[in-house]
Amino acid sequence: MLGVVVGVAGALVQQGWFPGGLLLALLGAAGAFYGGSRATGTRGGAVAPAAGWLVAVMLLTATRPEGDFVFGAGVGSYVFLLGGMGVAVMCATLGQSPQPGPSDARLGK
């Protein structure tokens, strides 16, 4: 659900305060994706909000019978769509740092 909320908010903000809104929308998406990955410790944690973001954004790009749509035909919209997908892929493929294991060395010797 967080990915859906971030996708809808980003779609509305990115064109409203261009270029600052675009940067804010992409940073919000990156925070949700990376935060999910860090919270769960797995790549699936980044994929879940990314999937919600993608569903929300794709539904908002579809035109309605009245001809209304949320995304305008501008550079900012394409940067938001492609940049968000790129950020999702980066966060999902980001290597998880391994936890340090016990040392084989004996202390005091």
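Please refer to the structure placed before this passage.
These numbers were taken from a predicted model, which means no experiment stands behind them.

To continue, consider a nonpolar patch on the surface. On the surface, a cluster of nonpolar side chains totalling about 480 Å² of accessible area is made up of Leu54, Met58, Tyr78, Leu82 and Met85. Secondary-structure elements contributing two or more residues to the nonpolar patch are α3 (44-61) and α4 (75-93). Ranked by residues supplied to the nonpolar patch, first place goes to α4 with three residues. Along the chain, the position of Met58 falls in helix α3. For Met58, a relative accessible area of 37% translates into the label partly exposed.

The next point concerns the packing of α3 against α4. Relative orientation of the contacting elements α3 and α4 amounts to 165°, with a least axis distance of 10 Å. With respect to each other, α3 and α4 are oriented roughly antiparallel. By crossing handedness, the relation of α3 to α4 is classed as left-handed. Two secondary-structure elements touch here, α3 through Ala46, Val47, Ala50, Trp53, Leu54, Val57, Met58 and Thr61 and α4 through Phe80, Leu81, Gly84, Met85, Ala88, Cys91 and Ala92. Classifying every residue of the contact of α3 with α4 by side-chain character gives 13 nonpolar, two polar and no charged.

Attention shifts here to the packing of aromatic side chains. Counted under the stated rule, the structure contains two aromatic pairs. Aromatic pair Phe33 and Trp53: ring centres 6.2 Å apart, planes at 85°, arrangement edge-to-face. Within this pair, whereas Phe33 is found in helix α2 (residues 20-40), its partner Trp53 is found in helix α3, the two being separated by 20 residues in sequence. For the pair formed by Phe33 and Trp53, the shared burial category is buried. Judged by centre distance (5.5 Å) and plane angle (65°), the ring pair of Trp53 and Phe80 falls under edge-to-face.

Rules behind the numbers
- Residues numbered from 1 in each chain as written.
- Predicted model: local features only at pLDDT ≥ 70, side-chain atom pairs only at ≥ 80, totals over all residues.
- Heavy atoms only, no water.
- Patch = residues over 30% accessible without salt bridge, like charges linked within 9 Å, V, L, I, M, F, W, Y side chains within 5 Å.
- Areas by Shrake-Rupley, 256 points an atom, 1.4 Å probe, with all protein chains shown as cover.
- Salt bridge = Lys/Arg side-chain N within 4 Å of Asp/Glu carboxyl O.
- Helix = DSSP H or I, 4+ residues; strand = E, 2+ residues; numbered from the N terminus.
- Buried < 20%, exposed > 50% of the residue type's maximum accessible area, 1.4 Å probe, protein only.
- Axes fitted to C-alpha atoms, helices over the stretch in contact; angles between N-to-C directions.
- Parallel < 35°, antiparallel > 145°, perpendicular 65-115°, else oblique.
- Left-handed = near helix turned anticlockwise from the far one by under 90°.
- Contact = heavy atoms within 4.5 Å.
- Nonpolar A, V, L, I, M, F, W, Y, C, P; charged D, E, K, R; others polar.
- Phe/Tyr/Trp six-rings, centres within 6.5 Å; stacked < 30°, edge-to-face > 60°.

The values reported here are purely geometric and, on their own, carry no functional implication.
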